[in-house]
Amino acid sequence: MRSPLGRAVGLGSAKDGVERWWLERVTAIALVPLTVWFAASIIVHMDSDYLTFIAWIRTPIATILMVLLVAGLFYHMGLGLQVVIEDYVHSGMKIPALLGMRFGCVALAVAGILATLRIALGD
Amino acid sequence: MASSTPKRTRPLSPNIQIYRPQLTSVLSIANRITGVVLSMYAVALVVWLVAGAAGPRGYSTMHAFMRSWIGQILVFGGTFSFFMHLCGGIRHLVWDAGYGFDLRAIYASGYAVVVTSTALTVAAWIASIIWVG
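Residues numbered from 1 in each chain as written. Chains lettered and ligands numbered in written order. Predicted model: local features only at pLDDT ≥ 70, side-chain atom pairs only at ≥ 80, totals over all residues.

Undergrad: Go over the overall build of chain B, please, and point to the residues and values.
TA: Helix and strand counts for chain B come out as four helices and zero strands. Along chain B, helices (α) and strands (β) appear in the sequence α-α-α-α when read from the amino end. In terms of overall dimensions, chain B is more spread out than a globule: its C-alpha atoms have a radius of gyration of 22 Å, far above the 14 Å expected for 133 residues. Across its three principal directions, the C-alpha atoms of chain B cover 80 × 35 × 25 Å. The buried share among the 133 residues of chain B stands at 23%. (Helix = DSSP H or I, 4+ residues; strand = E, 2+ residues; numbered from the N terminus. Rg over C-alpha atoms; globule rule 2.2 N^0.38 Å. Buried ≥ 20, exposed ≤ 12 C-beta atoms within 10 Å, placed from the backbone.)

Listed below in structure tokens is the structure:
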């Protein structure tokens, strides 16, 4: 036998929704200049050869901005896709889908950052 | 008293298939769709960086694909999705700050998103044609 209060305690929301909502906005604001920089760079480097591309990534500002872009992008993407999955997937696939999506975001972020650093710091 | 049970169908809350599309609802789902689409381009961004890190051969394969007609269509779609999500996202940030909720402002900002994202897409491609040739 549990009292109504006893049943209620420990149920309900996970209590960290506001933090996720806020971080989605924080990453959105950070991504405004980062993505605009990236779009402008893509226009310039659309037809660059390999050495020009490498030289561009190796400039300190491009290295820093690319790492920040990849980190912010996959954080924002993880939060956004989580909401999409939670809205549309109601079967037993919901938790596996959320886990797979989050693992994918982390793996891609690590790969993107390491690739950038390898270009920037390699010989 | 089963005979007193109303026989006529009761009103149901209208759902998405019944509603006529409006600027507000279309832009709302467009922001979500472009977000999901851009997730796929984020994967492409990592593939591009990894190809660059792999060396000249990996880069030239990626570069040739981007210059192909299917690659160009994909880059164009990505450009439009990006500007749509960017403008829609800024509109959401303004709402989050507590501004622009009356109906006139909502429609004005909605049309601004459509016009600005289209104009920025066109401008980006003109700039790319001028730069790259």
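Undergrad: Could you give an account of the overall build of chain A, with specific residues and numbers?
TA: Along chain A, the regular secondary structure elements total five helices and zero strands. Each helix and strand of chain A, placed in order from N terminus to C terminus, yields the pattern α-α-α-α-α. In terms of overall dimensions, chain A is more spread out than a globule: its C-alpha atoms have a radius of gyration of 20 Å, far above the 14 Å expected for 123 residues. For chain A, the spread of C-alpha atoms along the principal axes amounts to about 70 × 25 × 25 Å. Scored against the burial criterion, the 123 residues of chain A give a buried share of 19%.

Undergrad: Pulling in residues and values, what's your account of the interface of chain B and chain A?
TA: The interface of chain B with chain A comprises 25 residues on the first partner and 27 residues on the second. Broken down by secondary-structure element, the contributors of at least two residues to the side of chain B that touches chain A are α1 (23-54), α2 (56-67), α3 (69-96) and α4 (103-132) of chain B. In terms of residues, the side of chain B that touches chain A owes the most to one element, α1(B), which gives 12 residues. Each residue belonging to the side of chain B that touches chain A can be placed in one class, and the counts come to 17 nonpolar, six polar and two charged. (Contact = placed C-beta atoms within 7 Å. Nonpolar A, V, L, I, M, F, W, Y, C, P; charged D, E, K, R; others polar.)

Undergrad: Just give me the short version of the packing of α1(B) against α4(B), but keep the residues and values in it.
TA: All names here are of chain B. Interaxial distance between α1 and α4 falls to 10 Å at its minimum, and their mutual angle equals 50 degrees. Overall, the two elements α1 and α4 adopt an arrangement that is oblique. The two elements α1 and α4 cross, and the hand of that crossing is left-handed. Seen from α1, the contacting residues are Leu23, Thr24 and Leu27; seen from α4, they are Ile106, Tyr107, Gly110 and Val113. In terms of residue class, the contact of α1 with α4 is made up of five nonpolar, two polar and no charged. (Axes fitted to C-alpha atoms, helices over the stretch in contact; angles between N-to-C directions. Parallel < 35°, antiparallel > 145°, perpendicular 65-115°, else oblique. Left-handed = near helix turned anticlockwise from the far one by under 90°.)

Undergrad: Account for the environment of A:Phe38, naming residues and giving values.
TA: All names here are of chain A. Relative to the assigned elements, phenylalanine 38 resides in helix α2 (residues 17-45). Overall, the presence of 19 C-beta atoms within 10 Å leaves phenylalanine 38 in the partly exposed class. Separated by 53 residues in the primary sequence, phenylalanine 38 and serine 91 have C-alpha atoms spaced 38 Å apart.

Undergrad: Before we move on, could you go through the nonpolar core and cite the residues and values that matter?
TA: A:Val70, A:Leu73, A:Phe74, A:Leu108, B:Ala42 and B:Leu49 are the most contacted members of the largest nonpolar core, which has 31 residues in total. Elements with a minimum of two residues in this core: α2, α4 (60-88) and α5 (94-121) of chain A together with α1, α2 and α3 of chain B. Here the element with the most residues in this core is α1(B); it accounts for eight residues. A:Phe74 has contacts with A:Cys105, A:Leu108, A:Ala109 and B:Ala42, leaving out every residue within four places of it along the chain. (Core = buried A, V, L, I, M, F, W, Y, C linked by C-beta atoms within 7 Å.)

Read these as geometric descriptors, not functional statements.
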